[in-house]
Amino acid sequence: LDVLTAGEEKPTMALNYSKWDNIVCSSDDDDDCHPNIDKKLWRRLMKEKREKKASEDLARKTLLESENEKDKKELSEIQAQKEKAEDKTKLEEKEKNILAAIKKRDREILAINRRKKWKPEEMCHVVEDRTVVNTPKKIDENIKNLEYEDFVKRFESKLEAYSKLTTESLSQGFLIKNPELLHEHTSGFLLLRSLDLEMNGKSDAMKKVVKQYLIVQYVLDLTKSMGKTDPREVLLPFFKKLESGEKMAGLREEVESFSKKIKERAKVKLKEQEEERKNRKTFVGEDGKEYEYVELSKEERMGPGGLDPIEVLESLPEKLREAFASKDMPALQKAIREMPVEEAKKHMDRCTAAGLWNPSNGSEGGGSSEKE
């Protein structure tokens, strides 16, 4: 044994790479190929040579193993005979020769295994093979038949969340998790939202919503063009295409182009609202707030006595009608005094039935005039 003296370091052993010697790759044959020989032809010849040698070794190994099996059976028989035989000399000699033959064959089998050449595809084997199929989330069939208002009411929080996403990866994950949003009503909601944002001067937010709108619309259009029934079938391929710079640049251009259309539509819409505001009839209430005149139907106009106030007002004498229209109490009292009592009572009863006059809330002058 070598004895290490103080201060000496133990020598490190070199790595043994011999286990890689029996790995054969077709490209390794190129090193031995003559320049005048085609490399593909050379590789094919070397492959055939290795396969022939491997076939011969396998046949030889199979033969040796079968002979060993026969000898082992014979050994078992000899063991049984030795137990009964009186003279075991010949049997022991035969057993010794058989064991020597088996040992010789085992050495040859070991040599065959050691020189076996391994191809990369032979160095691994499948331990477990299984296929996992993800079950897609079931979508309620009734969702397809929902009206726009019902759809928005049911998925409003999800629609709001999707409209605020800023990256394609987040949009992909959100739509995979919520496939019910792959619906034409989602496109309508996002389109109206982008228009509303632009009308309120939020152009940057509008462009983000436009991009979300185009993603959903592209998926729906792609589903129809490919003859599919479920938009989820084209969702992943669509986002896979977006990973290329060319497709992403095309989406950005489409966002800019569509945003211009939204801006033009917003201008028209704002102009229409301004015109509508100018033509709208309003009045200032007693609380100081502005209210809009709303035309009511005849059924809605009916007074407590079942008479139409407009018809009753138009049937009044001119002075009485003008007094009611101007809410001039003195003029109303004067018009009543100038009428016969029966006629005045008739008109005031009809005004009360139509809701134009409330005796309980009238002034003392108005009450005395009616009484007179």
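Right above here is the structure, for reference.
Residues numbered from 1 in each chain as written. Predicted model: local features only at pLDDT ≥ 70, side-chain atom pairs only at ≥ 80, totals over all residues. Heavy atoms only, no water.

S.K.: Looking at this model, I keep getting lost on the pattern of salt bridges. Mind explaining?
M.R.: Here the idea is simple: oppositely charged side chains can pair when their charged atoms come close. Taken as a whole and judged by the stated rule, the model has 16 salt bridges. A salt bridge links Lys53 to Asp57, with the nearest nitrogen and oxygen atoms 3.7 Å apart. Remark: Asp57 and Lys53 occur in helix 1 (residues 39–84); sequence separation between them is four residues, near one turn of the helix. Judged by its relative accessible area of 42%, Lys53 is partly exposed. A relative accessible area of 11% places Asp57 in the buried class. When the shortest N-O distance is used, the salt bridge between Glu108 and Arg60 registers 2.8 Å. Here Glu108, found in helix 2 (residues 89–114), pairs with Arg60, found in helix 1; they are 48 residues apart in sequence, far enough to count as distant. The exposure class of Arg60 is partly exposed, given its relative accessible area of 34%. Among the charged side chains, a salt-bridge network with shared partners connects Lys53, Asp57 and Arg115. (Salt bridge = Lys/Arg side-chain N within 4 Å of Asp/Glu carboxyl O. Helix = DSSP H or I, 4+ residues; strand = E, 2+ residues; numbered from the N terminus. Buried < 20%, exposed > 50% of the residue type's maximum accessible area, 1.4 Å probe, protein only.)

S.K.: Got a minute to help me understand the packing of helix 5 (residues 184–199) against helix 8 (residues 245–279) in this structure?
M.R.: Between helix 5 and helix 8, the least distance of the axes is 9 Å, while the angle of their chain directions is 65°. Between helix 5 and helix 8, the interaxial angle falls into the category roughly perpendicular. Note that helix 5 runs across helix 8; the crossing there is right-handed. Along the contact surface, helix 5 presents Leu191, Ser194, Leu195, Glu198 and Met199, while helix 8 presents Phe258, Ile262, Lys263, Arg265, Ala266, Lys269, Leu270 and Gln273. Within the contact of helix 5 with helix 8, the residues separate by chemical class into seven nonpolar, two polar and four charged. (Axes fitted to C-alpha atoms, helices over the stretch in contact; angles between N-to-C directions. Parallel < 35°, antiparallel > 145°, perpendicular 65-115°, else oblique. Left-handed = near helix turned anticlockwise from the far one by under 90°. Contact = heavy atoms within 4.5 Å. Nonpolar A, V, L, I, M, F, W, Y, C, P; charged D, E, K, R; others polar.)

S.K.: Help me understand the side chain of Arg105 in this model?
M.R.: Relative to the helices and strands, Arg105 is located in helix 2. Engagement of the side chain of Arg105 in a polar contact is seen with the side chain of Glu67, the distance being 2.9 Å. Side chain to side chain, Arg105 and Asp71 meet in a polar contact 2.6 Å long. With sequence-adjacent residues up to four places away left out, Arg105 is seen in contact with Leu64, Glu67, Asn68 and Asp71. (Polar contact = N/O pair within 3.5 Å; in protein donor to acceptor, adjacent residues only side chain to side chain.)

S.K.: Please clarify how the packing of helix 3 (residues 148–163) against helix 4 (residues 168–177) should be interpreted in this entry.
M.R.: Helix-helix packing is characterised by the crossing angle of the two axes and by the distance between the axes. Between helix 3 and helix 4, the least distance of the axes is 10 Å, while the angle of their chain directions is 160°. Relative to helix 4, helix 3 is oriented roughly antiparallel. For the pair helix 3 and helix 4, the sense of crossing is left-handed. Listed contacts from helix 4 to Lys158, Ala161 and Tyr162 of helix 3 are Ser171, Phe174 and Leu175. When its residues are assigned to classes, the contact of helix 3 with helix 4 shows four nonpolar, one polar and one charged.

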